[in-house]
Amino acid sequence: TARVPRWGIAYKFPAEEVLTTLKEIKFTVGRTGRITPNAIFSPVHVAGSLISKATLHNEDYCIAKDIRVGDVISIRKAGDVIPEVVRVLPERRTGNEEKFKMLEECPICHTRIVRNDKEADYYCPNDMCPARKIENIIHFASRPAMNIDGMGEAILEDLYNEGFITDITDIYDIDRYEEELINLEGYGKKKIDNLKTATTKSKSNSLEKLLFGLGIRHFGEKSALVIAKKFPSIEEIKNATEEELTSLNDVGSVMAKSIYDYFKDEENIKLLDKLKDLGLNM
């Protein structure tokens, strides 16, 4: 697959488990609008590092494990990398624990969240939700996508909060806000020149990088490469039918519909036209 050799088998020792107390369940909003509950717990050392949070995935996961704020929980690193909540210890409960309750509104824009019948996740349907917008911008600039050196999460959040960046096209328009940017603490002439160089360099990235960077739902790095090989331009992808997309290896009906819908949306077409005008490789 994109990251796993099919012929390789790794044998591992059982993961180390550590007990801690769940202090809070915090909800975050991803770039596609997915609402994710996260466990915030007393910091503990697990497999060589100090951790204090882990994803709880979705409502069904929390209910199945009967996770409550105040519970003593067992933590481990899945594959020795990703922190996860293994189980709760109900015998250690005092009676003061709070049962899990799913949100009804987006924690950022307060739009009522929705859950599709065939999915376990809730989503914020508001395309203009600030959390969705900033996550999408961060994803676009990230290493697996457009790989814009120096445009990390903290810098992009600064630029977004200052109002310089409202969508991914503004990344390539630094000249417009350079004078205001240079007055901010930590943004000297050299740093700004480096950002401009990095954004210019990213314009020549191959098509699959741009496709993945767009943040289309259900769409991964490997799928982007498969589609870019079959349809070597944005225009050809835009004109592809769902049947043509589904006929490709690693592209199922759900992904094909998501791609098809993305390239039929008027706002997305405007965004792509602007990226083309800015000189990105299409």
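Residues numbered from 1 in each chain as written. Predicted model: local features only at pLDDT ≥ 70, side-chain atom pairs only at ≥ 80, totals over all residues. Heavy atoms only, no water.

## Description of the overall build of the protein chain
Step number 1: The helix and strand tally for the protein chain stands at eleven helices and nine strands.
Step number 2: Expressed as lengths along the three principal axes of its C-alpha atoms, the size of the protein chain is roughly 60 × 55 × 40 Å.
Step number 3: Relative to its 282 residues, the protein chain shows a buried fraction of 41%.
Step number 4: Counting contacts in the protein chain only where the partners sit at least 6 residues apart, residues at least 24 apart contribute 53% of the total.
Step number 5: Between the averaged position of the 41 positive side-chain charges in the protein chain and that of its 47 negative side-chain charges there is a distance of 4 Å. (Helix = DSSP H or I, 4+ residues; strand = E, 2+ residues; numbered from the N terminus. Buried < 20%, exposed > 50% of the residue type's maximum accessible area, 1.4 Å probe, protein only. Contact = heavy atoms within 4.5 Å. Lys, Arg positive; Asp, Glu negative; His and termini not counted. Charge placed at Lys NZ, Arg CZ, Asp CG, Glu CD.)

## Remarks on the pairing of strand β1 (residues 18-29)
Step number 1: Of the strand pairs in this sheet, β1 and strand β5 (residues 72-78) are connected by four bridges, and their pairing is antiparallel. For Val18, the partnering residue across the bridge sits in β5 and is Ile75.
Step number 2: Bridge analysis of β1 against strand β2 (residues 34-46) gives seven bridges, and the strand direction is antiparallel. Residue pairing for β2: Thr28 is matched across the bridge by Thr36.
Step number 3: Count of turn residues in the β1/β2 antiparallel hairpin: four residues, of which Gly33 carries a positive phi of about 95°. (Pairing = 2+ DSSP bridges.)

## A word on the packing of helix α4 (residues 174-182) against helix α5 (residues 189-202)
Step number 1: For the pair α4 and α5, the least separation of the axes is 11 Å and the interaxial angle reads 160°. By the angle class used here, α4 and α5 are roughly antiparallel. Helix-helix and strand crossings are classified by hand; for α4 and α5 the assignment is right-handed. Residues Ile174, Asp175, Glu178, Leu181 and Ile182 of α4 form the contact with α5, whose participating residues are Lys189, Ile192, Leu195, Lys196 and Thr199. (Axes fitted to C-alpha atoms, helices over the stretch in contact; angles between N-to-C directions. Parallel < 35°, antiparallel > 145°, perpendicular 65-115°, else oblique. Left-handed = near helix turned anticlockwise from the far one by under 90°.)

## Re a negative patch on the surface
Step number 1: Among the surface-exposed residues, Glu153, Glu157, Asp158 and Glu162 lie close enough to one another that they form a single negatively charged patch.
Step number 2: A relative accessible area of 31% places Glu157 in the partly exposed class. (Patch = residues over 30% accessible without salt bridge, like charges linked within 9 Å, V, L, I, M, F, W, Y side chains within 5 Å. Areas by Shrake-Rupley, 256 points an atom, 1.4 Å probe, with all protein chains shown as cover. Salt bridge = Lys/Arg side-chain N within 4 Å of Asp/Glu carboxyl O.)

## Things to note about helix α10 (residues 253-262)
Step number 1: Every buried residue of α10 is listed here: Met255, Ala256, Ser258, Ile259 and Tyr262. One face of α10 carries all of its buried residues, which in axial projection span an arc of 160°. Every exposed residue of α10 that faces more than 90 degrees away from the buried side is listed here: Ser253 and Val254.
Step number 2: In the core, the buried residues of α10 are packed alongside α7 (221-230), α8 (234-239), α9 (242-246) and α11 (266-277). (Arc of directions from axis to C-beta.)

## Things to note about the pattern of salt bridges
Step number 1: Following the criterion strictly, the structure yields 21 salt bridges and no others.
Step number 2: Residues Arg68 and Asp66 are paired through a salt bridge, measuring 3.2 Å at the closest nitrogen-oxygen approach.
Step number 3: Given the relative accessible area of 19%, Arg68 is considered buried.
Step number 4: A salt bridge links Lys196 to Asp175, with the nearest nitrogen and oxygen atoms 2.9 Å apart. Note that Lys196 is positioned in helix α5 and Asp175 in helix α4, a separation of 21 residues in sequence.
Step number 5: Judged by relative accessible area, Lys196 falls into the partly exposed class, the value being 23%.
Step number 6: Of the residues examined, Asp175 reaches a relative accessible area of 55% and is grouped as exposed.
Step number 7: Here the residues in one salt-bridge network are Glu17, Arg76, Glu84 and Arg87, joined through shared partners.

## Looking at unusual backbone geometry
Step number 1: Even without being glycine, Asp66 reaches a positive phi, approximately 50°.
Step number 2: For Asp66, the position within the fold is in the loop between α1 (59-65) and β4 (68-69).
Step number 3: Positive phi, normally seen in glycine, also occurs at His218, with a value near 65°.
Step number 4: When you line up the elements, His218 lands in the loop between α6 (207-213) and α7.
Step number 5: Of the residues examined, His218 reaches a relative accessible area of 37% and is grouped as partly exposed.

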